[in-house]
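Inside the fold
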Amino acid sequence: MEPFDPAELPELLKLYYRRLFPYAQYYRWLNYGGVVKNYFQHREFSFTLKDDIYIRYQSFNNQSDLEKEMQKMNPYKIDIGAVYSHRPNQHNTVKLGAFQAQEKELVFDIDMTDYDDVRRCCSSADICSKCWTLMTMAIRIIDRALKEDFGFKHRLWVYSGRRGVHCWVCDESVRKLSSAVRSGIVEYLSLVKGGQDVKKKVHLSENVHPFVRKSISIIKKYFEGYALVGQDILENKESWDKILALVPENILSQDHFYVSLQYNEKGDHFNFQKHHSSLQRWEYLKKAASQCPSNIKNEKCGPWLEWEIMLQYCFPRLDINVSKGINHLLKSPFSVHPKTGRISVPIDLQKVDQFDPFAVPTISSICHELDAIFTSEAEKEENQAESDIKHRTRDYKKTSLAPYVKVFEQFLENLDKSRKGELLKKSDLQKDF
Amino acid sequence: MEFSGVKRRKPWLIGDQRKASYPHSLQFYLQPPSENISLIEFENLAIDRLKLLKSVENLGVSYVKGTELYQSKLEAEIRRLKFSYRESLEDEYEPRRKDHISHFILRLAYCQSEDLRRWFIQQEMDLLRFRFSILPKDKIQSFLQDSHLHFEAISEEEKNLREQEIIASSTSLGGPKLELEYVYKIPFADALDLFRGRKVYLENGFAYVPLKDIVAIILNEFRAKLSKALALTARSLPAVQSDERLQPLLNHLSHSYIGQDYSIQGNAGKISLDQIDSLSTKSFPPCMRQLHKALRENHHLRHGGRMQYGLFLKGIGLTLEQALQFWKQEFIKGKMDPDKFDKGYSYNIRHSFGKEGKRTDYTPFSCLKIILTNPPSQGDYHGCPFRHSDPELLKQKLQSYKITPGGISQILDLVKGTHYQVACQKYFEMTHNKISQCGQMVFKEPNEKDALAPSGNVKRHIAAAQSQRSGMRPTLPITAQCRVVTTAFSASCLLKQYSRLSSSVQG
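Residues numbered from 1 in each chain as written. Chains lettered and ligands numbered in written order. Predicted model: local features only at pLDDT ≥ 70, side-chain atom pairs only at ≥ 80, totals over all residues. Heavy atoms only, no water.

Residues and elements named next belong to chain B. Taken in spatial order, the 4 strands line up as β3-β4-β6-β5 in an open sheet, and their pairing is antiparallel. Looking at the sheet topology across the chains shown, the edges are occupied by β3 (152–153) and β5 (201–203). Taken together, the 2 bridges between β3 and strand β4 (residues 183–187) define a ladder with antiparallel strand orientation. Paired with Ala-153 across the strands is Tyr-184, a residue of β4. (Pairing = 2+ DSSP bridges. Helix = DSSP H or I, 4+ residues; strand = E, 2+ residues; numbered from the N terminus.)

Shown next as structure tokens:
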């Protein structure tokens, strides 16, 4: 892959917005079938231009208007906001208080930085193949809940371009949800609570809600590979002390706990070290944690502690502020990440385990690919302008961007189907034939 | 609704028609009544409902809501005032009609301010909650349907399919048996308070809500609808108020909801400073008693204590001059320089009497305010002893106040259940040897506790007399009937007063 140099962005973006950005599909998405008048025209976009110039309340009349503006301004970053009561680019002409955000997709932002306390391989903005599994688990857990518990049908998962993923829930009824309900949904999906000063972030009650139970079964599929092997969370004293810190005092202080753990805390770690792999230590820990202490009343005996540890290390961490505000702006799919050059591409849910963030095309690589094709084809074409137009509609298809646009198109197909179904239902009710 | 000056014959509907207009013992008051009634009936209905709502309020503070005692007392009240409550009784037409019309009349009176609306909504919700709780399970479905609430109970098979999930999600379910419970399927967004805390099972966008939890949802719906309706009513109120026949009644109704108003100056000048020490042990509520004791012992009180106690003293009748003298005398004993007092403390005292700054004549703190805000820290003596004291210390204090061990354990139980005001009332009963009648004694402010709160005020007498004429007992028979302290000074006279008070309350 072509190395990405941020200094080249202006040139690369020019080419990207002229030849590669999938405007037709993008417009098809945000127009939502044109069922509601001015839905696209009242949508807010924000652009971040070169030198960090940030402009809000951008709005466009139609697809070609959008294209022209983006090509003219060459934004480094594009954010999508809410659908307002009036055209956002005219919001200053509206009577005070009348300009209101009315609808928006329900969005989620999962950021790897929020897991710094439980991943040993990277920190901050860095990611690697070892910790990416956290995102895989997050997608699986959240998507299952959105689909099976809440009944949401149109969910678009997008790679953010650097260290996380976004989810856009686009069902018609969901776009109308109030801020309170959005907050409620995030609350429902939250299990890991507490900041830096809180050691133990997950507490399960005796009654385990089906959502929690199902999330744990998903984590179980990945736990060994991710946590015990990849992250090696019981590798040495430093790392396993962190886990033991999650064991409540009244269980930890029991003699038999250490006996089951085969762990001698008095400086002689002989027994625990006897078993070299995290896998084996985990087995001992599970057994020790689930035993019923005879002299402690009301302590639940069973897998709760084991689950709490697994959840603290693997369960998704959501940023509630991103999801609850109807007017919150979120990075647009197919936007470019200015630091990594990666395109924010849709993730194929059927192949989520295979998704590799390091295989996602960068803007330099796809521009390079395009150049290569263009030079070879231009040798055959005389008329530059003609080939420009002819190529624009198929250009992205010739680059590594193609499969991701396909995923996007599948998503759009589903939206269309749903819409048609709804219209049919409505016309049936009205006996319109 | 039209009103005629002439008393009309009530419309006489034949059996079935009557039942059809009010199919249930309770309702959501979605449709306003449309018949004609006389002015006298209008007034009576309104007053009866006001009595009912006040009882609801009183019982709610005196007893824990939902307990058998609460339920039976509330049912007795409803029956006494001839309102509807039970589904199964035969000719319920009159009580239901009364319930319907009176609710809408009170909306007129209680839509005018935020405070009034809040009070009205709270009592109506408590009333609805009670009536719903005694509705037989098989009647619930038809009631919900008739009220246009889209909650359908799911079939047995659907329940069985999801039995494990529902049991695992809903903490309100008792044992592991789901067969006997009704479960309702509602769109998840309608069950926000349940699903946000993962207290309900969600599947495909629907929440599967057991009956116990449905009540909370229904009440929320009711509150939202009523709140909206009151706002609308307020807007159309000017038209109603222009009818001269209604205006005085509506005003009287809305003013009588507030308990005794301790902001009126009328109290002033009825207490002398040398009485305070004995009053503090005999009549003050524990919060003020402890503040007074601390003041006497330390010759000082911190700001929180000065506010809480100072306003209380104003409420029981201390004038500004008396207050200044009282505080100054005490602070000087603590070796404070008189000039320093004048400079630092007298301004604040005058401010609380409304003589400085924005000149608000501050009212004494209500119990809720004392319980919920500004908790005391080390070196503070304000707050509510039932709320803020360590139970062990509280127990010792009560023992030193010579409360019986039985009374102490009752009080401590109430404190454990966070029923602080009820605990305070128990304390009052213990120290004054009285049994409360149907929750008629309710303390919403410590001043009500001060049994010797003077009532020499003419306005209050009139209010008390009026309310007695309309059959409504004043919330605090004590304050309405006790005489002013200035006429009796010796301890024996005070004792006689107490026995007179006891008998009046029993009656």
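On we go from here.
Taken together, the contacts link 24 residues of chain A with 19 residues of chain B. In terms of surface lost to chain B, no three residues of chain A exceed A:Tyr188, A:Asn207 and A:His209, which account for 29% of the buried area on that side. Applying the counting criterion to the chain A and chain B interface returns 2 salt bridges. Of the charged contacts in the structure, one is a salt bridge between A:Arg213 and B:Glu165, with a shortest N-O distance of 3.7 Å. Where chain A packs against chain B, one counts 8 residue pairs in polar contact (both at pLDDT 80 or more). For the side of chain A that touches chain B, the elements supplying multiple residues, two or more each, are α4 (132–149), α6 (179–188) and α7 (210–230) of chain A. Looking at the side of chain A that touches chain B, the element that brings in the most residues is α6(A), giving 6 residues. (Contact = heavy atoms within 4.5 Å. Buried area = accessible area lost by both parts, 1.4 Å probe. Salt bridge = Lys/Arg side-chain N within 4 Å of Asp/Glu carboxyl O. Polar contact = N/O pair within 3.5 Å; in protein donor to acceptor, adjacent residues only side chain to side chain.)

Turning to a nonpolar patch on the surface, a few remarks are in order. Residue and element names in this part refer to chain A. Taken together, Val-35, Val-36 and Leu-423 make up a surface patch of nonpolar side chains, about 250 Å² in accessible area. Mapped onto the fold, Val-35 is located in the loop between α2 (23–31) and β1 (43–48). Judged by relative accessible area, Val-35 falls into the partly exposed class, the value being 48%. (Patch = residues over 30% accessible without salt bridge, like charges linked within 9 Å, V, L, I, M, F, W, Y side chains within 5 Å. Areas by Shrake-Rupley, 256 points an atom, 1.4 Å probe, with all protein chains shown as cover. Buried < 20%, exposed > 50% of the residue type's maximum accessible area, 1.4 Å probe, protein only.)

To continue, consider the nonpolar core. Grouped together as the largest cluster of nonpolar side chains are 194 residues, with contacts concentrated most on A:Tyr16, A:Trp29 and A:Ile185. Core analysis: the next-biggest nonpolar cluster, separate from the first, contains 45 residues, B:Leu273, B:Met288, B:Ile371 and B:Cys384 among them. (Core = buried A, V, L, I, M, F, W, Y, C linked by side-chain atoms within 4.5 Å.)

Here the focus is the sheet that holds strand β6 (residues 155–159) of chain A. Residue and element names in this part refer to chain A. Taken in spatial order, the 3 strands line up as β5-β7-β6 in an open sheet, and their pairing is antiparallel. In this open sheet, the two strands that pair with only one neighbour each are β5 (106–111) and β6. In this sheet, adjacent strand axes meet at a mean angle of 15 degrees when their direction is disregarded. Note: β5 against strand β7 (residues 164–169), 6 bridges, orientation antiparallel. Paired with Asp-109 across the bridge in β7 is His-166. (Axes fitted to C-alpha atoms, helices over the stretch in contact; angles between N-to-C directions.)

On to the pattern of salt bridges, then. In total, this model carries 50 salt bridges over all chains according to the counting rule given. When the shortest N-O distance is used, the salt bridge between B:Asp126 and B:Arg129 registers 2.7 Å. Of this pair, B:Asp126 and B:Arg129 both sit in helix α5 (residues 114–133), separated by 3 residues, roughly a single helical turn. The exposure class of B:Asp126 is buried, given its relative accessible area of 4%. On the basis of relative accessible area, B:Arg129 is assigned to the partly exposed category, the value being 31%. Residue B:Arg196 is joined to B:Asp193 by a salt bridge in which the shortest nitrogen-to-oxygen separation is 3.6 Å. Each of A:Arg28, A:Glu413, A:Asp416 and A:Arg419 takes part in salt bridges that share partners, so that together they form one network.

Right, let's talk about the packing of aromatic side chains for a bit. Counted by the stated rule, this structure contains 54 aromatic pairs over all chains. Measuring from centroid to centroid gives 6.5 Å for A:Tyr26 and A:Phe45, while their planes differ by 45 degrees, and the two rings are tilted. Taken together, the residues A:Tyr26 in helix α2 and A:Phe45 in strand β1 connect sequence positions 19 residues apart. On the basis of an interplanar angle of 50 degrees and a centroid distance of 4.8 Å, the ring pair of A:Phe223 and A:Trp282 is categorised as tilted. On the criterion of sequence distance, the pair formed by A:Phe223 in helix α7 and A:Trp282 in helix α12 (residues 278–290) is long-range, its members being 59 residues apart. You'll find A:Phe223 and A:Trp282 in the same group, each marked buried. Its end group placed over the ring of A:Tyr57, A:Arg56 keeps NZ or CZ at 4.4 Å from the ring centre. Sitting over the ring of B:Phe206, B:Lys185 keeps its end group 4.7 Å from the ring centre. (Phe/Tyr/Trp six-rings, centres within 6.5 Å; stacked < 30°, edge-to-face > 60°. Lys NZ or Arg CZ within 6 Å of the ring centre and 35° of its normal.)

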